[in-house]
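Take a look at the letters that make up each chain.
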Amino acid sequence: MKAMVLKEISLTEMEPLQMMDLPDPHPGPGEVLVKISACGVCHTELDEIEGRIQPRLPVVLGHEIIGRVAGMGKGVLKLNAGDRVGIAWINSACGKCRFCREGNENLCPEFKGTGCDTDGGYAQYTVVSEDFAFPISERFSDAQAAPLLCAGAIGYRDLKLAGIKPNQTLGLFGFGASAHIVIQVARHWGCKVFVFTRSEEHRDLAETLGAAWTGGTEDEPPEKLHCVIDFTPVGETVPNALRNLEKGGRLVIAVIRKRNPIPPLDYARYLWDEREIKSVANITREDLHNFLPLAAEIPIIPEVREFELKEANKALMLLKEGKIRGAGVLRMPD
Ligand SMILES: [Zn+2]
Ligand SMILES: [Zn+2]
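If you're wondering where the values come from, they're calculated on a predicted model, not measured in any experiment.

What to know about the overall build of the chain
And step 1. When helices and strands are tallied, the chain shows 10 helices and 18 strands.
And step 2. Its C-alpha atoms give the chain a radius of gyration of 19 Å, near enough to 20 Å, the size a compact globule of 334 residues would have.
And step 3. Taking the principal axes of the C-alpha coordinates as reference, the chain spans close to 60 × 40 × 35 Å.
And step 4. The buried share of the chain, taken over its 334 residues, is 55%.
And step 5. The long-range fraction of contacts in the chain, counting pairs at least 24 apart against all pairs at least 6 apart in sequence, stands at 70%.
And step 6. On the chain, roughly 14400 Å² of surface is accessible, and the fraction owed to carbon and sulfur atoms is 49%.
And step 7. Both charge centroids of the chain, one from 39 positive and one from 46 negative side chains, sit 2 Å from each other.

Points about the sheet that holds strand E16 (residues 276-279)
And step 1. Pairing in this open sheet of six strands is parallel, and the strands run E13-E12-E11-E14-E15-E16 from one edge to the other. Two strands close off the open sheet at either side, each with one partner strand: strand E13 (213-215) and E16. This sheet shows a mean twist of 20 degrees between the axes of neighbouring strands, independent of strand direction.
And step 2. Packing of helix H4 (residues 151-162) onto the sheet brings it into contact with strand E11 (169-173), strand E14 (225-230), strand E15 (245-253) and E16, and relative to E15 it is tilted by some 150 degrees.
And step 3. Across the sheet, helix H5 (residues 177-188) is in contact with E11, strand E12 (192-196) and E14; its angle to E11 comes to roughly 175 degrees.

Topic: the coordination of the zinc ion (ligand 2)
And step 1. Every protein donor of the zinc ion (ligand 2) is listed here as Cys94 (SG), Cys97 (SG), Cys100 (SG) and Cys108 (SG), and their distances to the metal cover 2.3 to 2.4 Å.
And step 2. Taken together, the four donor atoms coordinating the zinc ion (ligand 2) and their angles of 105 to 116 degrees define a geometry best described as tetrahedral.

Observations concerning the sheet that holds strand E2 (residues 17-21)
And step 1. Ordered by their spatial adjacency, three strands build an open sheet running E2-E1-E4, and the pairing between neighbours is antiparallel. Edge strands, defined here as strands with exactly one partner in the open sheet, are E2 and strand E4 (59-60).

A short note on unusual backbone geometry
And step 1. Note that the residue after leucine 57, namely proline 58, is joined by a cis bond; omega there is -10 degrees.
And step 2. As for its placement among the helices and strands, proline 58 is situated in the loop between helix H1 (43-49) and E4.
And step 3. A cis amide bond, omega -20 degrees, links isoleucine 298 with the succeeding residue proline 299.
And step 4. Topologically, proline 299 is positioned in the loop between helix H9 (285-297) and strand E17 (304-308).
And step 5. The backbone of glutamate 15 shows a phi angle near 50 degrees, a positive value even though the residue is not glycine.

Considerations on the nonpolar core
And step 1. Tyr122, Leu170, Leu172, Ile229, Leu288, Phe291 and Leu330 are the most contacted members of the largest nonpolar core, which has 102 residues in total.
And step 2. The residues touching leucine 330, leaving out its near neighbours within four places in the chain, are Ser37, Ala38, Cys39, Val41, Tyr122, Phe307, Glu308, Leu309, Ala312 and Ala315.
And step 3. The next biggest cluster of nonpolar side chains, apart from the first, holds 14 residues, and it includes Val228, Val238, Ala241 and Ile253.

Examining the pattern of salt bridges
And step 1. The final tally for this structure, using the stated rule, is 22 salt bridges.
And step 2. Across the pair lysine 320 and glutamate 13 runs a salt bridge, and its minimum N-O distance is 3.1 Å. Within this pair, whereas lysine 320 is found in helix H10 (residues 312-320), its partner glutamate 13 is found in the loop between strand E1 (2-6) and E2, the two being separated by 307 residues in sequence.
And step 3. The shortest N-O distance in the salt bridge between glutamate 321 and lysine 323 comes to 3.5 Å.
And step 4. Connected through shared salt-bridge partners, Glu13, Asp47, Glu50, Arg52 and Lys320 make up one network.

Overview of the environment of glutamate 311
And step 1. Locating glutamate 311 in the fold gives a position in the loop between E17 and H10.
And step 2. Taking the C-alpha atoms as reference points, glutamate 311 and tryptophan 189, 122 residues apart in sequence, are found 37 Å from one another.

Thresholds, definitions, all that
Residues numbered from 1 in each chain as written. Chains lettered and ligands numbered in written order. Predicted model: local features only at pLDDT ≥ 70, side-chain atom pairs only at ≥ 80, totals over all residues. Heavy atoms only, no water. Helix = DSSP H or I, 4+ residues; strand = E, 2+ residues; numbered from the N terminus. Rg over C-alpha atoms; globule rule 2.2 N^0.38 Å. Buried < 20%, exposed > 50% of the residue type's maximum accessible area, 1.4 Å probe, protein only. Contact = heavy atoms within 4.5 Å. Areas by Shrake-Rupley, 256 points an atom, 1.4 Å probe, with all protein chains shown as cover. Lys, Arg positive; Asp, Glu negative; His and termini not counted. Charge placed at Lys NZ, Arg CZ, Asp CG, Glu CD. Pairing = 2+ DSSP bridges. Axes fitted to C-alpha atoms, helices over the stretch in contact; angles between N-to-C directions. Donors = N, O, S within 2.8 Å, 3.2 Å for Na, K, Ca; no water. Tetrahedral: all angles 85-135°; square planar, octahedral: opposite > 155°, others 65-115°. Core = buried A, V, L, I, M, F, W, Y, C linked by side-chain atoms within 4.5 Å. Salt bridge = Lys/Arg side-chain N within 4 Å of Asp/Glu carboxyl O.

Encoded structure:
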């Protein structure tokens, strides 16, 4: 099969992924072979390429995978050949530890990330346990469905952890693939959404999707915010977000790593009055089982820009520069 492979930690500017011919993977017991049609491009890939999180090397990146079941290992019970499925960041968890038993499999010490600890979706084929493959509604094309698996589902987890209630005010810092889906869910719940981003094009998209206000990351919105989700890779947005939080409000930081440190936070100014900060780590299968049907029901239609597999380096560079409107998706060769 054709695959774009990362061999060593590098800068994204160096075009680090190489097109290679790899042997087709074989499904083990309980696993399915998936012929991939589309795979989303996510910020986590930039963290892997640049070494802020450590992937296994060499590795095939990609964890927003859409494809069809093309083969089955022994003991597969739930899926059939030809079924359309999605594969997300959660590739496996142990199922036995305290975190797994309490419904927090995202925190499992044995958690394995697709396209990080295992080969992922920047390829024509992959294998996955049938328990970690998700049915995809016919409402979505392959390319539209791909960003739902991480940008969408993690965004849904961010909203849940933010504790947002219907009709409250929500701030979004950064307006990339995840935020443009989050705003559609929040609007569906009647929330008023305030979007902070430098990019004119991203502000434009936010207004099209129903933002009540848009501005820069230093600007002050016309109302205090009950919840804020920070999608940016920089530290400075944290005090900016806390400044605009309502008493008792919560800031959720939705990235795996910040590129630079969070500036010192004056307690009285930024945290007093029961303001909270929470991070988000990984995702559970329950998040996906809750979010995917909701996305079909609303319906959420992600804005996608498609690239060919061989253009993966270019797509990642545009993502790093914040130049993709909505979500980037790679299309696999037949
Ligand atoms: Zn992701
Ligand atoms: Zn576990």
